[in-house]
Amino acid sequence: FQSGSANSHVQRRTMFQGTIDVDRLVALVQEVCRIPSVLGEEGAVARYLASVMKDSGFEGAGLQEVLPDRPNAVGELDFGAGPRVVFTGHIDTKPVSHGWTKTTPYSGDIIDGAVYGHGIMDMKAALICQIVAMEAVRDSGAALGGRLAMENAQFVPEFGQQKFGRLLRSVR
């Protein structure tokens with residue numbers, strides 16, 4: 001992001017104070033962890049993330065087809081002329097591990113102040129945090145230039161280059 005004149009040769013950094021709605025953040029994290037997204041079955045969580053972005057007013061929020069029922073969730077916020085910054089992360093998880101003792105894998109329960117659920121640390125909570133952070137930047141009212149783009153992808157090793165190429169085309 002840049003602040004000041006688009007023709008300026010000196011880029012200045014703008015500090016702003018954003019506000020995070022922690023209750024909303026936690027509720028979204030709980031909800032996303034309740035949606036299974038084991039490798040090859042990411043469609044439902046992609047649809048959920050796209051709907052969160054759409055409901056929040058992200059431009060172009062929707063699905064980018066990569067493979068059948070394995071879309072990427074995309075959306076962006078426009079702050080005017082300036083560079084584009086893309087947040088990205090994967091939406092697939094490994095199969096559920098054995099040994100869950102405090103709750104079930106897709107519960108989203110809060111236990112001792114932490115949200116429990118399969119895929120929370122890898123990397124469903126981070127994706128929600130990225131969306132909420134982008135909203136905080138938008139809602140701060142700071143005079144910024146550029147675009148913040150979001151792309152939540154499934155991991156397909158054999159299509160990695162193809163997926164990245166689609167990402168670059170979608171955010172230009």
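Report on the accompanying structure. (Residues numbered from 1 in each chain as written. Predicted model: local features only at pLDDT ≥ 70, side-chain atom pairs only at ≥ 80, totals over all residues. Heavy atoms only, no water.)

## Topic: the sheet that holds strand 1 (residues 59-67)
Here we have four strands laid out as an open sheet, ordered 1-2-6-3, and mixed in their pairing. Strand pairing shows two members of the sheet lacking a second neighbour, strand 1 and strand 3 (84-90), which therefore form its edges. Averaged over all pairs of adjacent strands, the angle between their axes in this sheet comes to 15°, without regard to strand direction. In this sheet, strand 6 (residues 147-153) lies alongside strand 2 (residues 70-78) in antiparallel orientation, the contact comprising six bridges. Looking at the pairing, Leu77 lines up with Leu148 of strand 6. Lying on the sheet, helix 3 (residues 120-139) is in contact with strand 2, strand 3 and strand 6; it crosses strand 3 at an angle near 155°. (Pairing = 2+ DSSP bridges. Helix = DSSP H or I, 4+ residues; strand = E, 2+ residues; numbered from the N terminus. Axes fitted to C-alpha atoms, helices over the stretch in contact; angles between N-to-C directions. Contact = heavy atoms within 4.5 Å.)

## Quick word on the side chain of Glu76
Along the chain, the position of Glu76 falls in strand 2. Given a relative accessible area of 12%, Glu76 falls into the buried group. Polar side-chain contacts of Glu76 include one of 3.2 Å to the side chain of Arg84. Within the structure, the side chain of Glu76 is placed 2.7 Å from the side chain of Arg147, a separation counted as a polar contact. Residues in contact with Glu76, not counting those within four places in the same chain, are Phe58, Glu59, Arg84, Arg147, Leu148 and Ala149. (Buried < 20%, exposed > 50% of the residue type's maximum accessible area, 1.4 Å probe, protein only. Polar contact = N/O pair within 3.5 Å; in protein donor to acceptor, adjacent residues only side chain to side chain.)

## A look at the pairing of strand 1
In this sheet, strand 2 lies alongside strand 1 in antiparallel orientation, the contact comprising five bridges. Looking across to strand 2, one finds that Leu67 is bridged to Arg70. Counting the residues that bridge the hairpin from strand 1 to strand 2 gives two residues, and of these Asp69 lies at a positive phi of roughly 55°.

## Comments concerning unusual backbone geometry
Of the consecutive residues Asp122 and Met123, the connecting peptide bond is found in the cis state with omega at -5°. Tracing the sequence through the fold places Met123 in helix 3. Even without a glycine there, the phi angle at Asp112 is positive, about 55°. Note that Asp112 resides in the loop between strand 4 (110-111) and strand 5 (114-115). Relative accessible area serves as the criterion here: at 74%, Asp112 is assigned to the exposed category.

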